[in-house]
Amino acid sequence: MAKMKRTVVVASAMVALTACAPAGYNGADPGAAEPVAVAAADSSATPEPEISADSGASPEPGTSASPGAETENDAPLPEGVELTESLTGKKFPRMGSAVVNQDGFLLYRFDRDSNDPPTTNCEDQCAEVWPPALTDGNPKLKGVSDDAVGTITRPDGTRQITLDGWPLYTYIGDKKPGQWKGQGVGGTWFVVNPDGSKNLECLPKGTPKAVEPPSKTKSGGSDSDYDY
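In this convention, every chain numbers its residues from 1, walking through the sequence in written order. With pLDDT at 70 or above as the cut-off, local features in this predicted model cover only qualifying residues; side-chain atom pairs require 80 or more to be listed or tallied, and sums for whole chains, interfaces and linings still use all residues. Water and hydrogen atoms play no part in the side-chain values, which are based on all heavy atoms of the structure.

## Remarks on the nonpolar core
The biggest cluster of nonpolar side chains holds 20 residues, and the ones touching the most others in it are W130, Y171, W180 and W189. Breaking this core down by element, the ones donating at least two residues are β3 (96-100), β4 (108-110), α1 (125-129) and β11 (189-191). Here the nonpolar core consists of buried residues drawn from Ala, Val, Leu, Ile, Met, Phe, Trp, Tyr and Cys, with membership extended through side-chain atoms lying within 4.5 Å. A 1.4 Å probe rolled over the protein chains alone gives each residue an accessible area, and that area as a share of the maximum for its type sets the label: buried under 20%, exposed over 50%, partly exposed in between. Within the second largest apolar cluster, 12 residues are counted, among which are L87, L107, A133 and L168. By the criteria applied, helices consist of DSSP H or I runs no shorter than four residues and strands consist of E runs no shorter than two, each listed in order from the N terminus.

## Digging into the side chain of T119
Tracing the chain through its elements places T119 in strand β6 (residues 118-119). With a relative accessible area of 5%, T119 lands in the buried category. Pairs of N or O atoms within 3.5 Å make up the polar contacts considered here, provided that, within protein, one atom can donate a hydrogen while the other can accept it, and that residues adjacent in sequence are counted only when both atoms are side-chain atoms. At 2.9 Å, the side chain of T119 forms a polar contact with the backbone oxygen of P117.

## What about the packing of aromatic side chains?
Each aromatic pair joins two rings of Phe, Tyr and Trp (for Trp, the six-membered one) with centres within 6.5 Å, and gets the label stacked for planes under 30 degrees apart, edge-to-face for over 60, and tilted for any other angle. Taken as a whole and assessed by the stated rule, the structure comprises seven aromatic pairs. Ring centres of F92 and W180 lie 6.4 Å apart, and the angle between their planes is 70 degrees; on these two criteria the pair is classed as edge-to-face. Separated by 88 residues along the polypeptide, F92 in strand β2 (residues 86-92) and W180 in the loop between β10 (166-167) and β11 bring together distant segments of the chain. Both residues of the pair, F92 and W180, belong to the buried class.

## Things to note about the state of the cysteines
Only a pair of cysteine sulfur atoms within 2.5 Å counts as a disulfide in this structure description. Tallying each qualifying case throughout the model produces one disulfide. Two residues share a disulfide in this structure: C122 and C126, whose sulfurs sit 2.0 Å from each other. The chirality of the disulfide connecting C122 with C126 is left-handed, given an S-S dihedral of about -110 degrees. In this structure C126 comes out as buried when scored by relative accessible area, which is 4%.

## A word on the pairing of strand β8 (residues 149-153)
Of all five residues that make up β8, five are buried, and the element is covered over most of its length. Taking every second residue as pointing to the same face, both faces of β8 are buried, with V149, T151 and T153 on one and G150 and I152 on the other. Any two strands between which DSSP finds at least two bridges are classified as paired. Two strands pair when backbone bridges link them, and β8 and strand β9 (residues 159-163) are joined in this way by five bridges, in the antiparallel orientation. Opposite G150, over in β9, you have T162 as the bridge partner. Counted along the chain from β8 to the antiparallel partner β9, the turn is five residues long, and its residue G157 has a positive phi close to 90 degrees.

## Details of the sheet that holds strand β7 (residues 140-142)
Reading across from one edge, β3-β2-β7 is the order of the three strands in this open sheet, with mixed pairing throughout. Two strands in the sheet have a free side with no partner beyond their single neighbour: β3 and β7. Adjacent strand axes in the sheet meet at a mean angle of 20 degrees when their direction is disregarded. The pairing of β2 with β7 spans three bridges and is classified as parallel. Paired with T88 across the bridge in β7 is K142. The axes used here are C-alpha line fits, helices contributing only the stretch in contact, and every angle between their N-to-C directions lies in the interval 0 to 180 degrees.

## Side note on the confidence of the model for the protein chain
Residue-level confidence of the predictor is summarised by pLDDT, bounded by 0 at the bottom and 100 at the top. Residues with a pLDDT of 70 or more make up 60% of the protein chain, whose mean pLDDT is 76. Below a pLDDT of 50 lies the segment residues 5-19, which in the model reaches 53 contacts outside its immediate sequence neighbourhood of four places, other chains included. Low pLDDT, under 50, characterises residues 68-72; the predicted model gives this stretch 11 contacts beyond four residues in sequence or across chains. Two residues form a contact once any of their heavy atoms are found within 4.5 Å.

## Observations regarding unusual backbone geometry
Between D116 and the following residue, P117, the backbone shows a cis peptide bond with an omega angle of 5 degrees. Within the fold, P117 resides in the loop between β5 (114-115) and β6. Of note in this structure, D124 is not a glycine but carries a positive phi near 55 degrees. Along the chain, D124 falls in the loop between β6 and α1. Accessibility expressed as a relative area gives 66% for D124, which makes it exposed. Phi at D164 is positive, roughly 55 degrees, even though this residue is not glycine. For D164, the position within the fold is in the loop between β9 and β10.

This is the structure we're talking about:
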C-alpha cells in the first residue's frame, strides 16, 4: 500500500492575476461563463501517465497507509455528499494541467488553507460553495503521485483528500465537467496541478466573486461579496 501523508486533525490558519479567462466569462456574473473544455467529451484532454502504487510500502509511525486506513473514526457523510473516488491528472487546452475527479470536475485549492500543517479553513457556507473532496477509502490515482496524496480530518469528523498537503475542493459554479469557473475566485481559489501546486496558466481578468451558497439563496440573501 502506498505511503500517505500524516492524517491531521484540523485547526484554524493573493496572487497577481494575468489576463486569461474561459470564453464568455463575466466576473460580475460568475454563473454566466461557458465551459472551454469538457473533460468527458474533449478527446484532446489526455491523461498524464498513470503512476502505479507501491504495494510494498509500509506506513511510517503516526501516518495513515491510505485515505481508508481509519474508517472506524470517520463521521457519517452529510446528506447528498458524494465521495471523491478518483483523482486524475489531465491536460486541457489553454488551462494546461489540472486534476479532475471521477465525474470530470476540476479540483481546486484555497490560499487561506495551509499545507504545513495540512489545514482547512473552508467551513459552513464556504463549504457549500466549495464542497470538500471527501473520502472513506482509497481514491484511484492516474497521473497523480500516490506519495503526494493524503487526508485531513475536518471539524465535522469527515476526511478530506489533500494533494501535497493542500485540501482539495470542487466548485458548485462548475455546472459541467471540464469547466473552471472557480479559477481565480476571490484571488484565493485556483485549479490544482497534479503535484499540488497552483495552476496559474489561465486566469480571468479582474477578481471574480463566488456564487451564492445554497443556504443563502434559500433564505433570500443577495450579498455575493464573500471572502471565499
